[in-house]
Amino acid sequence: MTYVVTENCIKCKYTDCVEVCPVDCFHEGPNFLVIDPDECIDCTLCEPECPAEAIYSEDDLPAGQEEFLALNAELAQEWPVITEQKDPPEDADEWDGKPNKLELLER
Ligand code: SF4
Ligand code: F3S
């Protein structure tokens with residue numbers, strides 16, 4: 001099993017999640033983070049840390065978010081690991097909860 005970063009992280013990218021991961025599974029792109037499913041040990045620690053509630057267990061993905069399982073696996077191979085929290089985008093709060101952010105994903 002793995003945990004998965006879903007759509008609401010896009011353009012929010014608060015990065016609270018990376019501080020608690022004991023095995024450094026988070027990888028950073030321009031406006032989104034992903035979890036490497038081969039590294040995640042299902043410790044559950046990151047899920048409650050996300051202010052945007054964007055992290056789910058793969059067994060508990062909300063309807064419409066299923067494609068993020070494969071997207072996390074794919075982008076984790078391309079993007080570098082991030083282990084320290086950084087400032088979110090200045091307009092992160094404005095994007096929290098907005099629908100249809102997948103089309104805004106930069107890669
Ligand atoms: Fe890291 Fe644990 Fe979250 Fe997996 S569930 S990404 S191991 S903090
Ligand atoms: Fe994204 Fe939430 Fe982490 S917004 S960067 S999954 S804290």
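Right above here is the structure, for reference.
Calculation notes
Residues numbered from 1 in each chain as written. Chains lettered and ligands numbered in written order. Predicted model: local features only at pLDDT ≥ 70, side-chain atom pairs only at ≥ 80, totals over all residues. Heavy atoms only, no water. Near = heavy atom within 4 Å. Nonpolar A, V, L, I, M, F, W, Y, C, P; charged D, E, K, R; others polar. Phe/Tyr/Trp six-rings, centres within 6.5 Å; stacked < 30°, edge-to-face > 60°. Helix = DSSP H or I, 4+ residues; strand = E, 2+ residues; numbered from the N terminus. Buried < 20%, exposed > 50% of the residue type's maximum accessible area, 1.4 Å probe, protein only. Contact = heavy atoms within 4.5 Å. Polar contact = N/O pair within 3.5 Å; in protein donor to acceptor, adjacent residues only side chain to side chain.

> Would you mind showing me how to read the site of ligand 2 here?
Taken together, the residues surrounding ligand 2 are Val5, Cys9, Lys13, Tyr14, Thr15, Asp16, Cys17, Leu33, Cys50, Pro51, Ala52 and Ile55. Across the shell around ligand 2, the residue classes break down as 9 nonpolar, 1 polar and 2 charged.

> For this particular structure, what's the right way to read the packing of aromatic side chains?
Aromatic ring pairs are defined here through the distance separating the ring centres and the angle between the ring planes. Overall, the coordinates contain 2 aromatic pairs when judged by the stated rule. With centroids separated by 6.0 Å and ring planes inclined at 75 degrees, the aromatic side chains of Phe32 and Phe68 adopt a geometry described as edge-to-face. Of this pair, Phe32 sits in the loop between strand S2 (26-28) and strand S3 (33-35) while Phe68 sits in helix H2 (residues 67-76), and the two are 36 residues apart along the sequence. One exposure class covers both Phe32 and Phe68, and it is buried. With centroids separated by 6.5 Å and ring planes inclined at 85 degrees, the aromatic side chains of Phe32 and Trp79 adopt a geometry described as edge-to-face. Note that Phe32 is positioned in the loop between S2 and S3 and Trp79 in the loop between H2 and helix H3 (92-95), a separation of 47 residues in sequence.

> What's the story with the environment of Ala63 in this structure? I'm lost.
Position of Ala63 relative to the elements: it lies in the loop between strand S4 (55-57) and H2. Given the relative accessible area of 74%, Ala63 is considered exposed. The spatial distance from the C-alpha of Ala63 to the C-alpha of Thr15 is 24 Å, given a sequence separation of 48 residues.

> Help me understand the environment of Arg107, please; the structure alone is not making it clear to me.
By the secondary structure assignment, Arg107 is in the segment after H3. In sequence terms Arg107 and Pro89 are 18 residues apart; their C-alpha atoms lie 17 Å from each other. Apart from the residues within four sequence positions on either side, Arg107 is in contact with Leu71, Glu74, Leu75, Glu78 and Trp79. Side chain to side chain, Arg107 and Glu74 meet in a polar contact 2.4 Å long.

> Can you walk me through the side chain of Glu28 in this structure?
Mapped onto the fold, Glu28 is located in strand S2. Side-chain polar atoms of Glu28 contact the side chain of Lys13, separated by 2.9 Å. There is a polar contact of 2.8 Å between the side chain of Glu28 and the side chain of Lys86. Leaving out residues up to four positions away in the same chain, Glu28 has contacts with Lys13, Leu33, Trp79, Pro80, Ile82 and Lys86.

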